[in-house]
Each structure stands twice: as structure tokens, then as C-alpha cells.
Amino acid sequence: MLVIVGYIVVLFSIFGGFALAGGHMAALFQPVELLMIAGGAAGAFFVGNNSKAIKATLKALPTVFKGSKYTRALYMDIMALLYELLTKIRKEGLMSVESDVDSPENSPLFAKYPAVMADHHIVEFLTDYLRLMVSGSMNAFEIENLMDNEIETHHHEGELPSHVIAKVGDGLPAFGIIAAVMGVVHTMESVGLPPAELGILIARALVGTFLGILLAYGFIGPLASLLEQKQHESTKMLQCIKVTLLASLNGYAPAIAVEFGRKVLYSTERPTFIELETHVKSAKSR
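Here we summarise the structure given alongside this text. All of these numbers come straight from a predicted model, not from anything done at the bench. Residue indices begin from 1 for each chain and proceed along its sequence in written order. With pLDDT at 70 or above as the cut-off, local features in this predicted model cover only qualifying residues; side-chain atom pairs require 80 or more to be listed or tallied, and sums for whole chains, interfaces and linings still use all residues. Remark: hydrogens and water are excluded; side-chain values derive from all non-hydrogen atoms of the structure.

Turning our attention to the packing of helix H4 (residues 72-92) against helix H8 (residues 120-135). Axis lines are fitted to C-alpha atoms, over the contacting stretch for helices. Their N-to-C directions set the angle, which ranges from 0 to 180 degrees. Helical segments are the DSSP runs of H or I of at least four residues, strand segments are the runs of E of at least two, and each set is numbered from the N terminus. Two elements in contact, H4 and H8, have axes whose closest approach is 13 Å; the angle formed by their N-to-C orientations is 20 degrees. Between H4 and H8, the angle falls in the class roughly parallel. The handedness of the crossing between H4 and H8 is right-handed. Along the contact surface, H4 presents Leu74, Ile78, Leu81, Leu82, Leu85 and Ile89, while H8 presents Ile122, Leu126 and Leu130. Each residue is assigned to one of three groups, with Ala, Val, Leu, Ile, Met, Phe, Trp, Tyr, Cys and Pro labelled nonpolar, Asp, Glu, Lys and Arg labelled charged, and all others, Gly among them, labelled polar. Broken down by class, the residue content of the contact of H4 with H8 amounts to nine nonpolar, no polar and no charged. To sort the angles, those under 35 degrees are grouped as roughly parallel, those over 145 as roughly antiparallel, those from 65 to 115 as roughly perpendicular, and the leftovers as oblique. Left-handed describes a crossing whose near helix is turned anticlockwise from the far helix by less than a right angle; the clockwise case is right-handed. What makes two residues a contact is simply this: any of their non-hydrogen atoms within 4.5 Å.

Okay, here's the thing in C-alpha cells:
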């Protein structure tokens with residue numbers, strides 16, 4: 001919703017200001033210039049990226065019109081799930097969660113948290129490292145190193161769409177200049193026309209530069225920034241799980257281990273200690 005509101009503000013401010021200054025809106029309607037700019041940028045997008053990057057970008061674009069799924073409620077659910085799993089391990093041993101880890105979709109513990117189950121990245125990350133803990137063949141330092149490498153890979157892979165969009169945005173002003181140059185060339189070859197008609201041709205050429213800059217900084221550039229922010233939120237969830245599991249491996253009680261995870265969250269989503277404690281108790285009673 002904020003993306004749409006932002007675009008409306010951009011359009012209203014720029015075109016509204018132009019109209020208030022006495023400009024003629026019809027002069028800015030240049031579909032041929034827009035075709036050259038958008039077509040050139042689209043062609044460069046396909047040339048400069050492999051199929052993996054193209055698919056990831058096209059898949060990520062619709063998410064910019066949706067709110068973040070990494071809400072306080074989801075963080076409280078994942079921490080409540082971690083608390084229950086770690087409590088079960090502490091009371092019954094590591095082998096007690098083997099069936100939960102191997103088949104989370106059939107686990108009564110995981111079934112309490114449908115929001116967590118809906119994100120396969122979270123479930124896969126959590127169950128993979130619980131499985132390593134159950135195997136007992138790796139110490140905390142080895143698991144931490146492996147977690148760091150996986151989180152880094154996840155982060156770099158997730159940033160791919162934002163980098164691609166940013167590159168497209170960076171190229172739009174140049175394509176705007178190309179459209180303007182093409183307009184100037186057309187004007188120069190029509191030098192025999194009356195001054196009034198030449199003025200129209202020059203105005204059309206200048207619109208190309210305007211459109212390239214407007215699309216770059218008013219539309220495409222902000223999308224790249226938004227996608228990057230969403231990726232940081234995704235990584236923060238994995239860091240929360242990492243810190244909690246490592247605290248448990250280092251001997252801390254489940255309640256303290258979950259507190260470690262709570263502390264790494266962004267302040268805007270971080271629940272208070274009392275909120276989390278209340279949520280955990282209500283989840284356990286389900």
C-alpha cells in the first residue's frame with residue numbers, strides 16, 4: 001500500500017508542479033520516447049542476467065506491494081516453538097525431538113504454529129540444525145560456523161533481485177539520454193521546418209531525459225531499496241534461530257536461550273520479556 005501511495009505522491013508532485021507552473025501536460029505524453037527507454041532497459045535486463053537472476057527478480061517484484069510477513073506475532077511464534085522444542089530436549093533428551101525434526105508437518109509441536117510452518121525457509125533451517133544437534137557429531141563452534149556460512153549464502157542469494165533492479169534503475173537515465181539524442185538527431189534532420197515546429201521536436205527530445213531520470217529515481221530505485229530491506233528482515237529471522245540454538249548448545253536453560261534470540265531482533269518487532277513469556281505460556285496450553 002505504501003508503494004502505491006508513494007508513487008501517487010511522486011506523480012502528483014512532479015506533474016502537478018509542472019501544471020501549476022503553466023506547463024502543458026500533453027507535451028509530456030511521448031509514447032515513442034517511453035518505448036525507447038523502457039524497451040532498452042528491458043533488453044539490457046535480459047542481456048545482463050542469467051535465468052536464475054531473472055526468475056528471482058520476477059518472483060520478488062510482486063512482494064513489494066505486500067507488507068512484511070516478519071511481524072512481532074511471527075517472531076513470538078518462532079520463539080515459543082523454540083522454547084517448547086528446547087524444553088522437550090532438556091527434559092527427555094535430544095532423541096525425543098527426532099520425529100518432530102524428521103517430519104515437522106506431522107509434529108504436534110510444529111502444528112501449533114501454522115505461521116511458522118508456512119515459511120519453508122524457517123522450517124528447513126530450524127530442522128536441519130536440530131538434526132545436527134541430535135546427531136551429536138558436531139560441537140557448538142562447528143555448528144555456528146556452518147550457520148554463519150548458510151546465513152551468508154541465504155543473504156547473498158536473497159539480495160540478487162534488489163541488485164538487479166538497482167542496476168536497471170542506474171541505466172534508465174542513460175537510456176533517457178539516448179532517447180533525447182535520437183530526438184535531437186530527428187530535430188537536426190528537420191532543420192528546414194518553421195521554428196514553432198522545431199521547438200516541438202526539441203521539447204519531445206528533452207522529455208526523453210526527463211522520463212529516464214523520473215523512472216530511475218522515482219520508481220525503480222526505491223523498489224531496489226525496499227527489496228533490500230525485506231531481505232534484511234528475512235536474514236534477521238535466521239539469526240534469531242541461530243542465537244537461540246547456540247545458547248542452548250552452550251548449556252543455557254530454554255527460557256534464557258530464547259531471551260538470547262529475543263535480544264537480536266529489531267526494536268520495532270522485538271516483544272517485551274513479559275509479552276513473550278505470556279505468549280509462550282498460552283502456546284504451551286494449546
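Here we take up the pattern of salt bridges. Salt-bridge detection follows one rule: a side-chain nitrogen of Lys or Arg within 4 Å of a carboxyl oxygen of Asp or Glu. What the rule picks out here adds up to nine salt bridges. Here Arg72 ties to Glu275 by a salt bridge, and the two come within 3.1 Å at their closest N and O atoms. In this pair, Arg72 sits in helix H4 while Glu275 sits in helix H12 (residues 273-284), placing the two residues 203 residues apart along the sequence. For Glu275, a relative accessible area of 33% translates into the label partly exposed. Residue Arg131 pairs with Asp128 through a salt bridge whose shortest N-O separation is 3.1 Å. Of this pair, Arg131 and Asp128 both sit in helix H8, three residues apart, which is roughly one turn of the helix. Think of it in three bands: with a 1.4 Å probe and only protein chains considered, a residue is buried below 20% of the maximum accessible area for its type, exposed above 50%, and partly exposed in between. Classification of Asp128 as partly exposed rests on a relative accessible area of 28%. When salt bridges that share partners are traced, they join Asp102, Asp128 and Arg131 into one network.

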